[in-house]
Amino acid sequence: MSSHMFSVQQFYVPWRRICCKSEKLTPVALNWLWSSNCHTGPHVVSQQSNQKGASNKQVTKRPKKERSSCQAVLNLFDQQYSEELGDLWPSARRVLLDPQSWQYGVMLNRFSAVTDITQILQFQGFSTLLPQMDISPLLCNGPSTVSSSKYHKGKDTLLSSDYISKCPPDDSLPQPDSTSHMLGQDPQSEPSLSLPCPSLQCYIHPSPLRFPSQAHRPGQLKQYYLLNAASLLPVLALQVRDGEKVLDLCSAPGGKALAMMQSATPALLCCNEPDPHRRDWLAKTLESFLPHSLNSRVIVSAQDGRSFGQSEAGVYDKVLVDAPCSNDRSWLYSCSNQQGEQRLKERTSLPVLQAQLLRSALSAVRPGGIVVYSTCTLSSFENSAVIETALSDFPEAEPEDLWEEIAAPLSKYFAFSSHPGHGRTPRKPSLQPQNGTMSSYQHRLGILVVPQPGKTWGPMFLSRIRRRK
Ligand SMILES: C[S@@+](CC[C@H](N)C(=O)[O-])C[C@H]1O[C@@H](n2cnc3c(N)ncnc32)[C@H](O)[C@@H]1O
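The structure presented is a predicted model; accordingly, all values stated were derived computationally and were not measured.

## Things to note about the site of the ligand
So, step 1. Near the ligand you find 20 residues, and of these Ala252, Glu273, Arg278, Gly305 and Asp322 are the closest.
So, step 2. One of the side-chain N or O atoms of Asp304 is found 3.0 Å from a nitrogen atom in the ligand.
So, step 3. Out of a free accessible area of 600 Å², the ligand has 85% covered by protein chains.
So, step 4. Tallied by class, residues from the shell around the ligand come to nine nonpolar, five polar and six charged.

## A few points about the confidence of the model for the chain
So, step 1. Across the chain, pLDDT averages 75, with 67% of residues at or above 70.
So, step 2. For residues 32–61, every residue scores under 50 in pLDDT, and the model assigns this stretch 64 contacts once sequence neighbours within four places are set aside.
So, step 3. Segment residues 133–189: pLDDT under 50, and 103 contacts once partners within four positions in sequence are set aside and those in other chains are kept.

## Digging into the state of the cysteines
So, step 1. With the rule as written, the count across this model stands at zero disulfides.
So, step 2. With no disulfide of its own, Cys270 lies closest to Cys271 among cysteine sulfurs, the gap being 6.8 Å.
So, step 3. For Cys270, a relative accessible area of 0% corresponds to the buried category.

## With respect to the pattern of salt bridges
So, step 1. A complete count under the given rule lists twelve salt bridges for this structure.
So, step 2. Across the salt bridge formed by Asp393 and Arg359, the nearest N and O atoms sit 2.4 Å from each other. Of this pair, Asp393 sits in helix α14 (residues 384–393) while Arg359 sits in helix α13 (residues 350–364); the two residues are 34 residues apart in sequence, bridging distant segments of the chain.
So, step 3. According to the relative accessible area criterion, Arg359 is partly exposed, its value standing at 27%.

## Focus on helix α15 (residues 403–410)
So, step 1. With six of its eight residues buried, α15 lies for the most part within the structure.
So, step 2. For α15, the full list of buried residues reads Trp403, Ile406, Ala407, Ala408, Pro409 and Leu410.

## Notes on the packing of aromatic side chains
So, step 1. Under the counting rule described, the total for this entry stands at ten aromatic pairs.
So, step 2. On the basis of an interplanar angle of 65° and a centroid distance of 5.0 Å, the ring pair of Phe211 and Tyr224 is categorised as edge-to-face. One end of the pair, Phe211, is in the loop between β6 (202–204) and β7 (224–227); the other, Tyr224, is in strand β7, with 13 residues separating them in the sequence. Each member of the pair, Phe211 as well as Tyr224, carries the same accessibility label: buried.
So, step 3. An angle of 75° between the planes, with centres 5.6 Å apart, marks the rings of Tyr225 and Phe289 as edge-to-face. Taken together, the positions of Tyr225 in strand β7 and Phe289 in helix α9 (residues 276–289) put the pair 64 residues apart, joining distant regions of the chain.

## Here's the deal with the UniProt feature "binding site: S-adenosyl-L-methionine" (unreviewed entry) in the chain
So, step 1. Look at the UniProt record and you will see "binding site: S-adenosyl-L-methionine" (unreviewed entry) annotated at Cys250, Ser251, Ala252, Pro253, Gly254, Gly255, Lys256, Glu273, Asp304 and Asp322.
So, step 2. Turning to its location among the elements, Ser251 is positioned in the loop between β8 (245–248) and α8 (255–263).
So, step 3. We classify Ser251 as buried; its relative accessible area is 5%.
So, step 4. Residue contacts for Ser251: discarding those within four places in its chain leaves Ala257, Cys271, Asn272, Glu273 and Leu282.
So, step 5. In this structure the side chain of Ser251 is engaged in a polar contact, spanning 2.7 Å, whose partner is the side chain of Asp248.
So, step 6. Relative to the assigned elements, Ala252 resides in the loop between β8 and α8.

## Some points on the side chain of Ser231
So, step 1. Here Ser231 shows up in the loop between β7 and α7 (232–238).
So, step 2. Exposure remark for Ser231: the relative accessible area of 14% places this residue in the buried category.
So, step 3. Once residues within four sequence positions are removed from consideration, Ser231 is found in contact with Lys256 and Met460.

## With respect to the sheet that holds strand β4 (residues 105–108)
So, step 1. Pairing in this open sheet of four strands is antiparallel, and the strands run β5-β6-β4-β7 from one edge to the other. The two strands at the open ends of the sheet, each matched to only one other strand, are β5 (127–128) and β7.
So, step 2. Alignment of β5 against β6, held across two bridges, turns out to be antiparallel. Counterpart to Ser127 in the pairing with β6 is Ile204.
So, step 3. In this fold α8 packs onto β4 and β7, with an angle of close to 50° to the strand it touches most, β4.

## Side note on the side chain of Ser374
So, step 1. In this structure, Ser374 sits in strand β12 (residues 365–375).
So, step 2. A polar contact is formed between the side chain of Ser374 and the side chain of Asp322, at a distance of 2.7 Å.
So, step 3. Not counting residues within four places of it along the chain, the set of residues in contact with Ser374 comprises Pro234, Leu320, Val321, Asp322, Ala323, Met460, Phe461 and Leu462.

## What about the packing of helix α2 (residues 71–85) against helix α12 (residues 337–347)?
So, step 1. Between α2 and α12, the shortest axis-to-axis distance is 7 Å and the interhelical angle comes to 40°. It follows from the interaxial angle that α2 and α12 lie oblique. Each of Gln71, Ala72, Val73, Leu76, Phe77, Gln80 and Tyr81 in α2 lies in contact with α12, whose residues at this interface are Asn337, Gly340, Glu341, Leu344 and Arg347.
So, step 2. Of the residues contributing to the contact of α2 with α12, the split by class is six nonpolar, four polar and two charged.

## Some details on the pairing of strand β16 (residues 460–467)
So, step 1. The element β16 is largely enclosed, with a buried count of seven among its eight residues.
So, step 2. Pairing of strand β13 (residues 397–400) with β16 involves four bridges; the strand directions are antiparallel. Its bridge partner lying in β16, Glu400 is registered against Arg464.

## Regarding α9
So, step 1. A rise of 1.5 Å per residue sets the reference length of α9, with its 14 residues, at 20 Å; its end C-alpha atoms lie 20 Å apart and thus fit the reference within 8%.
So, step 2. Those residues of α9 that fall on the buried side of the exposure criterion are Arg279, Leu282, Thr285, Leu286, Ser288 and Phe289.
So, step 3. Backbone nitrogen of His277 and a side-chain oxygen of the N-cap are separated by 3.0 Å at the start of α9; the cap is Asp275.

## Thoughts on unusual backbone geometry
So, step 1. Here the bond from Ala252 into Pro253 is cis, since omega is 5°, no more than 30 degrees from zero.
So, step 2. Along the chain, Pro253 turns up in the loop between β8 and α8.
So, step 3. One non-glycine residue, Gln239, lies in the positive phi region at around 50°.
So, step 4. For Gln239, the position within the fold is in the loop between α7 and β8.
So, step 5. The phi dihedral of Asn327 is positive, around 50°, even though this residue is not glycine.
So, step 6. Within the element layout of this structure, Asn327 appears in the loop between β11 (316–322) and α11 (328–331).

Rules behind the numbers
Residues numbered from 1 in each chain as written. Predicted model: local features only at pLDDT ≥ 70, side-chain atom pairs only at ≥ 80, totals over all residues. Heavy atoms only, no water. Near = heavy atom within 4 Å. Polar contact = N/O pair within 3.5 Å; in protein donor to acceptor, adjacent residues only side chain to side chain. Areas by Shrake-Rupley, 256 points an atom, 1.4 Å probe, with all protein chains shown as cover. Nonpolar A, V, L, I, M, F, W, Y, C, P; charged D, E, K, R; others polar. pLDDT = per-residue confidence, 0-100. Contact = heavy atoms within 4.5 Å. Disulfide = S-S within 2.5 Å. Buried < 20%, exposed > 50% of the residue type's maximum accessible area, 1.4 Å probe, protein only. Salt bridge = Lys/Arg side-chain N within 4 Å of Asp/Glu carboxyl O. Helix = DSSP H or I, 4+ residues; strand = E, 2+ residues; numbered from the N terminus. Phe/Tyr/Trp six-rings, centres within 6.5 Å; stacked < 30°, edge-to-face > 60°. UniProt positions renumbered as here; feature names shortened; annotations may be inferred. Pairing = 2+ DSSP bridges. Axes fitted to C-alpha atoms, helices over the stretch in contact; angles between N-to-C directions. Parallel < 35°, antiparallel > 145°, perpendicular 65-115°, else oblique. Expected span 1.5 Å × (residues − 1).

Below, the structure written as structure tokens:
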């Protein structure tokens, strides 16, 4: 495999040492941390709070930036998506055309000390998206505690004393309030999410607040990564476990690779990206978030993803194909109508490339292994149709239903389309299961997150396919 190792700087200086202070953090201190972390100079506005003792706190809101949408792209979306999504399209359209309404997720970096960030987020009204295990004591108590931890067994090499700040146990942390959005708190009223990723932590806010991004500082690991929270769903579906060999076939800029490394410690994570500029971006992301001790496990490769099926047949336990796609959010804001029209021309050739990448992934995974295919477009041509095409060529590939596992437990946060085939008749009736309804067949082709007011995450399509043994 033509791959090269990425290198990270060996030393680590905690970005904020506030977690090592023994005194309680006051709202004033938290606000100082919050505002001193704003590199882009957002303006500050007062906001009502539901957090005890922080009623006069301030939150930052992004400055209003005017962005105009591209009419050619919007016209095509109107035509295609009103047919495919029906009633969901007008509200999805409103969200896509209003960037001020977009929500942002904050994924914490378990390799960095994050206690202070957690406090700031909770004071600002953010809450955890996934069932949570508090990783801060692991970071703060040093390597001996880490190695005896149930969750981090065998990971002592990752959490070496080089970059763990020694901290006293901190019982002053604010607890999530009773209205916290934690899943799995009330198993009687909601299906709970039972996925094996206790260390993946993402904070979300019901309002479109954007936490400031962290600038790169040499020698320091970043504490969090901002993302569309729907981007975590393909990673949850992949169910990466410790010791597995994983391929991230289309990896740049690396958000999902980072999420995988928060979820588990694979024996190997190969991050592949053929575009040289995007590969540099990927390498920078990995360098900013992962410690030096992971260098031998996380590698960057520069191949065309379509070649892995041949060059690495049957090698991987898990493969993620986060395919190049129309990217509805960004295409809608193409900088000129000309660029928009050019993109629409390219759009017609994307499903061919996507199916080739998916076939390559299905060959690169071992029998019994799984492939997750995802895109950030609502287009059925790049979603369910690609899955159908690949399945028709791969009799040993079995699509799995993600509705019960992911869509049902997370429907409080994300709006899922109940028919990710978008009501189109499947083109190959022979692929339909002998027993089972049309809706279970559609769910097995994948699930679709559709941006909606108050649940602005997405677009995100994901499908999981297991290669039969
Ligand atoms: C949607 S982006 C991936 C985003 C990434 N997974 C993340 O979470 O940050 C798709 C990527 O696929 C890359 N790509 C395009 N053609 C490819 C090919 N033939 N093989 C592999 N990757 C390709 C693009 O350069 C782009 O970086």
